[in-house]
Amino acid sequence: MANSAPPPGTADIFPEEARRWQWIEQTAASVFGRYHYGELRTPIFEYTEVFQRGLGNETEVVQKEMYTFHDRGGRSLTLRPEGTAGVMRALLNTDVLNGVEQRVFYHGPMFRGERPAAGRRRQFHQIGVENVGRVAPELDAECIAMLMHFLEEIGITGAELRINTRGVMADRAPAAELLRTYFASHLDAMCPDCRVRYERNLWRILDCKQETCRQVVAQAPDYLACFSADSRAYFDRVLEALEALGIAYRIDRELVRGLDYYVHTVFEITHPGLGAQNAVAGGGRYELFLPDQTKPVQGVGFAAGVERLMMVQDALGVKLPIAPLAPICLISLGERARLANLKLAGQLRRAGLPVVLEVENKSLKSQMRTANRVGAAFAVIRGDEELARNAAVVKPMTGEQEQQECPINELPGRLAALWNARNKTEF
Ligand code: HAM
């Protein structure tokens, strides 16, 4: 390979950083578990049709951003650009179609061919949840509450919740008509993208970021008046439940979300730690007609972008609550000691201790340098003399404690006690 960089919009995650990923993923599993959600792992690629039907053919993601390829059997497959459509496909094999509620969460890589920028990648990672099979405003509110709870447990404060309703499909036609008539007389002032949206994806004009379009949108008539009384009542009940939960929100009529499957509640979480446009998480209630089904299935869920969560954590100075495990470094003076230490390393690791040992013949000085470099808590030193006495020298690498000799048969127990005591006092 000519260069060592990964492809544009992707990144390597090294062990030091991966610890933070593990913490975020484990916290998500722990919080979602308390709401009775279980993990679902779906494939990273699906039949292309799953996304075309699921997200809507006119959406930007399907039109411009999917990584689609043909396999050797001529099937059209796509690397998943998001998690919801694949989860819904998988849940078809459960009794969700009979109205039995399913609560699942997922995490993993997603792929969108977007122009890379700060917080925008081509391979990014989402943590998401889906509650499928039942329709109730309280479920929408609980889903949002769970997201806020998760953010809280990973140290993210100061996030803003914006919320809106998209009504049901039947509400949209009269509302779209109202907007179409209004936008028709302002097309000249709108950006080229919005002129295309006017024909193909009218609602997306509402969240265009261009200043001229924003001015037009600001004067648009309130389309909510076209929604049915039932749809408006549904939204009011979501807001009422959020108030009961003590969750602050801002209603934003321009929030429509980029995927076509949404009905009723839509929401996004933004944070001043990111650029103004960048959402940390987004979601809502959706309705999907799955292949071979005549009845749509509804669900409510969200996905948070892990890279963006980390950007917010960085802006807030959030530190990992757990330090890396300081290892025990086995130092061998001579060939026989090295072989004996190879065996000892296995015993100590089985006793739960992290162990590093030098496998080549190196001087004491060089091995002590390694112990310092890896941040060892203790060095355990053995040469021919210690072997003859069936013992080893245990040397604390930090603090005031003196080194001491320990019989080999007592070593795993003694080291475990010392190591645990050190971890309790240092962290
Ligand atoms: P989304 O808004 O497209 O929704 O994505 C959710 C989150 O993924 C965004 O808020 C953002 O944090 C992150 N994200 C999206 N694209 C990128 C990118 N190119 N680079 C970095 N991060 C990105 C969905 O995907 C829906 N499936 C959410 C959902 C679940 N709705 C209902 N259930």
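Keep in mind it's a predicted model, so treat the numbers as computed, not measured. By convention here, each chain's residues receive numbers from 1 onward along its written sequence. Where totals are concerned, whole chains, interfaces and linings use all residues; where local detail is concerned, this predicted model gives features only for residues with pLDDT of at least 70, and gives and counts side-chain atom pairs only at 80 or more. Computation of side-chain values covers all heavy atoms of the structure but excludes hydrogens and water.

A. Highlighting the overall build of the chain. Tallying secondary structure elements over the chain gives 14 helices and 16 strands in all. Expected size for 427 residues packed as a compact globule is a radius of gyration near 22 Å; at 28 Å, the chain overshoots this value by more than 25%. Reported as C-alpha extents along the three principal axes, the dimensions of the chain are approximately 95 × 55 × 45 Å. Counting all 427 residues of the chain, 49% fall into the buried class. Partitioning the contacts of the chain with sequence separation of at least 6, the portion at a separation of at least 24 is 68%. For the chain, the exposed surface amounts to about 21300 Å²; the carbon and sulfur share of it is 51%. Of the charged side chains in the chain, 51 are positive and 53 negative; the average position of the first set lies 5 Å away from that of the second. Put simply, DSSP marks the helices as runs of H or I at least four residues long and the strands as runs of E at least two long, and each gets a number from the N terminus on. We compute the radius of gyration over the C-alpha atoms and compare it with the globule rule, which gives 2.2 Å times the number of residues raised to the power 0.38. Each residue's exposure class comes from its accessible area (1.4 Å probe, protein chains only) as a fraction of the maximum for that residue type: buried when under 20%, exposed when over 50%, partly exposed otherwise. Contact between two residues is taken to exist if any of their heavy atoms lie within 4.5 Å; hydrogens are not considered. Per-residue and other accessible areas were derived by the Shrake-Rupley procedure at a 1.4 Å probe size, with only the shown protein chains allowed to occlude residues. Neither His nor the chain ends contribute to the count of charged residues, in which Lys and Arg are positive and Asp and Glu negative. For charged residues, the charge sits on one atom: NZ in Lys, CZ in Arg, CG in Asp, CD in Glu.

B. Expanded view of the pairing of strand E11 (residues 297–305). Within E11, 9 of the 9 residues are buried, which leaves the element mostly enclosed by the surrounding structure. Of the two faces of E11, the one holding Val 297, Gly 299, Gly 301, Ala 303 and Gly 305 and the one holding Gln 298, Val 300, Phe 302 and Ala 304 are both buried throughout. Should DSSP find at least two bridges between two strands, the strands are regarded as paired. Of the strand pairs in this sheet, strand E6 (residues 123–132) and E11 are connected by 7 bridges, and their pairing is antiparallel. The residue bridging Glu 130 from the neighbouring strand is Gly 301, located in E11. Where strand E10 (residues 279–288) lies against E11, 8 bridges are found, and the strand directions are antiparallel. Its bridge partner being in E11, Arg 285 is matched across the sheet by Val 300.

C. View of unusual backbone geometry. Positive phi, normally seen in glycine, also occurs at His 36, with a value near 70 degrees. Tracing the sequence through the fold places His 36 in the loop between helix H1 (15–34) and strand E1 (38–39). The phi torsion at His 264 lies on the positive side, around 55 degrees, for a residue other than glycine. Structurally, His 264 is set in strand E9 (residues 262–270).

D. A look at the packing of aromatic side chains. Centres within 6.5 Å make a pair out of two Phe, Tyr or Trp rings, where for Trp the six-membered ring is used; the pair is then stacked when the planes are under 30 degrees apart, edge-to-face when over 60, and tilted otherwise. Enumeration over the complete set of coordinates arrives at 9 aromatic pairs. Measuring from centroid to centroid gives 5.1 Å for Trp 203 and Tyr 223, while their planes differ by 90 degrees, and the two rings are edge-to-face. Here the residue Trp 203 occupies a position in the loop between helix H7 (192–200) and helix H8 (211–218), and Tyr 223 occupies one in the loop between H8 and helix H9 (229–244), the gap between them amounting to 20 residues. Residue Trp 203 is classed as buried on the basis of its relative accessible area of 11%. Where Tyr 261 meets Tyr 262, the ring centres are 4.8 Å apart and the plane angle is 70 degrees; that geometry is what we call edge-to-face. Among the aromatic residues, ring-to-ring pairing joins Phe 32, Phe 105, Phe 150 and Phe 302 into one connected group.

E. Representation of the site of the ligand. By convention in this text, a residue qualifies as near a molecule or strand provided that one of its non-hydrogen atoms is within 4 Å of it. If you check the shell around the ligand, you find 27 residues, and the closest are Glu 82, Glu 114, Arg 121, Arg 257 and Tyr 262. Pairing of N or O atoms within 3.5 Å defines a polar contact, subject to two protein rules: one partner must be a possible hydrogen donor and the other a possible acceptor, and residues neighboring in sequence count only if both atoms are side-chain atoms. Measuring from an oxygen atom of the ligand, one finds a backbone N or O atom of Val 280 at 2.9 Å. Residue Phe 302 places a main-chain N or O atom 3.5 Å away from a nitrogen atom belonging to the ligand. When the free accessible area of the ligand is taken as 660 Å², the share hidden by the protein chains comes to 95%. With 7 residues, E10 is the largest single contributor of residues to the shell around the ligand. Each residue gets one label: Ala, Val, Leu, Ile, Met, Phe, Trp, Tyr, Cys and Pro are nonpolar, Asp, Glu, Lys and Arg are charged, and the others, such as Gly, are polar. Here the shell around the ligand is built from residues that sort into 11 nonpolar, 8 polar and 8 charged.

F. Representation of the pattern of salt bridges. The rule for a salt bridge is simple: a side-chain nitrogen of Lys or Arg has to be within 4 Å of a carboxyl oxygen of Asp or Glu. Counting across every chain of the model gives 27 salt bridges. Notably, a salt bridge pairs Arg 89 with Glu 46, separated by 2.7 Å at the nearest N-O pair. Highlighted residues: Arg 89 in helix H4 (residues 84–91) and Glu 46 in strand E2 (residues 45–47), separated in sequence by 43 residues. Among the residues examined, Glu 46 registers a relative accessible area of 6% and is labelled buried. The partner of Arg 336 in a salt bridge is Asp 384, and the shortest N-O contact between them spans 3.8 Å. One end of the pair, Arg 336, is in helix H11 (residues 335–350); the other, Asp 384, is in helix H13 (residues 384–388), and 48 residues separate them in sequence. Arg 336 gets classed as exposed once you look at its relative accessible area, which sits at 54%.

G. Spatial organisation of the environment of Ala 229. Tracing the sequence through the fold places Ala 229 in helix H9. Along the backbone, Ala 229 and Asp 171 are 58 residues apart, and their C-alpha atoms lie at a distance of 10.0 Å.

H. Inspection of the packing of helix H2 (residues 48–55) against H4 at higher detail. For helices, the fitted line uses only the C-alpha atoms of the stretch in contact; every axis is such a line through C-alpha atoms, and the angle between N-to-C directions lies from 0 to 180 degrees. Where H2 meets H4, the axes come as close as 9 Å, and the angle between the chain directions of the two elements is 105 degrees. Taken together, H2 and H4 sit at an angle that is classed as roughly perpendicular. Here Val 50, Phe 51 and Leu 55 of H2 come into contact with H4, specifically with Ala 85, Gly 86 and Arg 89. A class-by-class count of the residues in the contact of H2 with H4 yields 4 nonpolar, 1 polar and 1 charged. Convention used here: angles under 35 degrees read as roughly parallel, angles over 145 as roughly antiparallel, angles from 65 to 115 as roughly perpendicular, and any remaining angle as oblique.

I. A look at the side chain of Glu 358. Checked against the element boundaries, Glu 358 lands in the loop between strand E13 (355–357) and helix H12 (364–373). In terms of polar contacts, Glu 358 uses its side chain to reach the backbone amide nitrogen of Glu 360, at 2.9 Å.

Limitation: the analysis is restricted to geometry and does not speak to function.
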